[in-house]
Amino acid sequence: MSQARLKHGSESFFIEGEGLLTTQVGGRTGDEADPVSGSESPRVPTPQALAAEVPPPFRFSRVGPKGTALGAAATKKLARAMVVGGGGAGDVPAGYTYLGQFIDHDLTMDRTDVMFGDDVRPVDLLQGRSPRLDLDSLYGNGPGDAASARFYSDGLHLKTGTTVAVLPDRTKPGHDLPRVGKGSNKAAKRTALVPDLRNDENLVVAQTHLAMIHFHNRVLDKLPASVPPAERFTRARKRVTLHYQWMIRHDYLPRICQKAVLDDVFGAGRKLVEPDAVPTSIPTMPVEFSVAAFRLGHSMVRASYNWNRRFPGTAGSLDFLFAFSGTSGDMFGDVRLPSNWIADWRRMYDFPAGGRPGLAAPGGNVNRAMRIDTRLTDPLADLPLRSFGGGPSIPDGDLRRNLAFRNLVRANMVKLASGQQMVTRLRNRGVNVTALTRAQILDGTGGAKLDHLTAAEKNAVVGRTPLWFYVLREAELNDGRLTGVGARIVAETFHRAMEGSRFSIVRNPEFRPSLGRDDTTFEMTDLLFFAFGSKAGINPLGG
């Protein structure tokens, strides 16, 4: 997902010490050789120098060595093997799939479009494009910024939107993202009024963003009246951000990563990702995280969801969830979300497990994310064009619309290290990592089948396993939790992002949550319950 501002077709990677790389995966500019052609490997873009007056872009770094790409044939076969339908449901509630997408967009937010004026300092631009967990994808540059002020209703509260009535469901104020509402066409009118339009590329991440808006607004409303008006926004943002980081550290990450690795990183510190950084310095984003390890969420996506009382069972298809968004879809002609598509959060998160039995999903049927493994649900073999900026020249069924292929080619283009290279790098840094064997790489356990590769292609995959595939295979062999290379990259990147944030639970270890069930527990179900304040807010359509 990385830094692509809205579309995911062309992405810029300013890698420290290397320069600016612009990758184009089957897009329109022709910057690189077409990776679907018969050429043995996609041509890697030549790093470019930046002119002195050009604002510094989002900064990436390498924590591993450069790798050597697989040949085009092996890349295509591997991609097709991965997108044949998920390997089975895991034990993680499905909402965490899209919480992870929201978090990714927070980590990789490019605030260029919401920075103010011509007099902004280059260092401010640089800080605005750094991987911190400070919710700039929610807040923009704050209500005092001329470009970001449009996200706020009164200089303090974030705006929300109202849904369109679809009988028997009435309009529901506060249950859609705020939208521009004006313009020359419906697409302009339905554009979300949020800092990062990627958070409206599918309905689940859009409703997650909306929940975060409500969370901020309710935290603001709960501040004591004694807090001076000039301090209220900053005080609310600090409280929201610290609770958000706590939830990531103690709820989200343990569901996707091996606990022992998390405890080691957050207890003993980092050995791979900027281990000697000054805590308050500006972090960089490892390409190994952005292009590989944190694309784990793609394997968690389901083909359909038990969405709400109007669309139960499998009626909430992934195609519909793309369609009812302003970035990837057209809401079937509406300019606001129809009321019958509001989320029933009881079906996406396990509230009884979070201590609220009165918020059980009907029949206890909480959607479960697909297991983290080397298989993706098959709708991801044919992405909607608008979700990645593809032009009309990319027809249905074209490999360039295959998400696995796009991920693998992008990694080739930036010369990403292989899984084996990262094992060596971690061992050299004193991290005890067990390498996958040849049989584990080729066979896995219930994941992608590589039987159709030639002997030479199998040898290539075993010798230089694409890092994304390697990380997913590790998880597949670990009951759907990241371990080894993948867990270490993810844990250390999150630790550094939290450490370098303006408000930080890493630099402020005495912080304890006050908005959950007790001073040690604050999970996503607690955040949703606090944000909406009632069962009617959690499930606006009832049933």
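As shown above, the structure is provided for reference.
All figures in this text were calculated on a predicted structure; none of them were measured in a lab. Every chain begins its residue count from 1, and numbering advances along the sequence as written. Side-chain atom pairs in this predicted model are given and counted only at pLDDT of 80 or more, local residue features only at pLDDT of at least 70, and totals for whole chains, interfaces and linings cover all residues. For the side-chain quantities, the full set of heavy atoms in the structure was used; hydrogens and water were omitted.

Novice: Is there a simple way to think about the packing of aromatic side chains in this case?
Specialist: The description of an aromatic ring pair uses the distance of the two centres, along with the angle that the planes make with each other. The pairing test for Phe, Tyr and Trp rings, Trp by its six-membered ring, is centres within 6.5 Å, and the orientation test on the planes gives stacked under 30 degrees, edge-to-face over 60, and tilted for anything in between. One pass over the full model with this rule turns up 19 aromatic pairs. Each ring, one from Y139 and one from F233, has its centre 5.5 Å from the other, and the planes form 90°; the classification is edge-to-face. One end of the pair, Y139, is in helix α4 (residues 136-139); the other, F233, is in helix α7 (residues 229-256), and 94 residues separate them in sequence. One exposure class covers both Y139 and F233, and it is buried. Aromatic ring contacts, followed pair by pair, group F311, F320, F324, F332 and W341 into a single cluster. To sit over a ring, a charge needs its Lys NZ or Arg CZ within 6 Å of the ring centre and within 35 degrees of the ring normal. Over the ring of F529 we find R356; its NZ or CZ atom is 4.2 Å from the centre of that ring. Helix and strand definitions here come from DSSP, where helices need a minimum of 4 consecutive H or I residues and strands a minimum of 2 consecutive E residues; each element is numbered from the N-terminal end. Buried means the residue's accessible area, taken with a 1.4 Å probe over protein chains only, is under 20% of the maximum for its type, while exposed means over 50%, and partly exposed covers the values in between.

Novice: What is the right way to look at the environment of F469 in this model?
Specialist: Position of F469 relative to the elements: it lies in helix α15 (residues 467-476). For the pair F469 and M82, spaced 387 residues apart in sequence, the C-alpha separation works out to 9.0 Å.

Novice: Before we go on, may I ask you to explain α7 in this structure?
Specialist: In an α-helix, one turn spans 3.6 residues, which is why side chains three or four residues apart end up on the same side. Expected helix span is computed as 1.5 Å times (number of residues minus one). In a regular helix each residue adds 1.5 Å, so 28 residues correspond to 40 Å; α7 covers 40 Å between its end C-alpha atoms and thus fits that length. Most pronounced at I248, the bend in α7 amounts to some 40°. One axis is fitted to the seven residues ending at the residue and one to the seven starting there. The bend at that residue is the angle between these axes.

Novice: Can you walk me through the packing of helix α8 (residues 259-268) against helix α16 (residues 484-499) in this structure?
Specialist: Helices that pack against each other are described as a pair by the angle of their axes relative to one another and the distance between those axes. Axis definition: a line fitted to C-alpha atoms, over the contacting stretch in the case of helices. Angles run 0 to 180 degrees between N-to-C directions. Relative orientation of the contacting elements α8 and α16 amounts to 35°, with a least axis distance of 9 Å. Crossing geometry of α8 relative to α16 is assigned as right-handed. In this structure, α8 contributes V261, L262, D264, V265 and F266 to the contact, and α16 contributes A487, R488, A491, E492, H495 and M498. Tallied by class, residues from the contact of α8 with α16 come to 7 nonpolar, 1 polar and 3 charged. Take the far helix as your reference; a near helix turned counterclockwise from it by less than a right angle gives a left-handed crossing, and one turned clockwise gives a right-handed crossing. Any two residues having at least one pair of non-hydrogen atoms within 4.5 Å are treated as being in contact. The nonpolar class holds Ala, Val, Leu, Ile, Met, Phe, Trp, Tyr, Cys and Pro. Asp, Glu, Lys and Arg form the charged class, and all remaining residues, Gly among them, are polar.

Novice: It is not clear to me how the pattern of salt bridges should be interpreted in this structure. Could you clarify?
Specialist: Any two side chains of opposite charge can pair, so long as their charged atoms come close to each other. Salt bridge, as applied in this entry: a Lys or Arg side-chain nitrogen positioned within 4 Å of an Asp or Glu carboxyl oxygen. A full pass over the atoms with the stated rule returns 28 salt bridges. Across the pair R346 and D344 runs a salt bridge whose closest N-O atoms are separated by 2.9 Å. Both residues of the pair, R346 and D344, count as buried. Each of R270, E274, R496 and E499 takes part in one network of salt bridges that share partners.

Novice: I keep staring at unusual backbone geometry and nothing clicks. Help me out?
Specialist: With glycine set apart, most residues show a phi of negative sign, and most peptide bonds adopt trans. Here the bond from L167 into P168 is cis, since omega is 10°, no more than 30 degrees from zero. Looking at the element boundaries, P168 is found in the loop between β5 (161-162) and β6 (173-176). Although it is not a glycine, M331 adopts a positive phi angle of roughly 50°. Residue placement: M331 occurs in the loop between α10 (318-323) and β10 (368-370). Looking at M331, the relative accessible area reads 0%, which means it is buried. Of note, K415 is a non-glycine position whose phi angle comes to about 55°, a positive value. With respect to the helices and strands, K415 occurs in the loop between α11 (403-413) and α12 (419-428).

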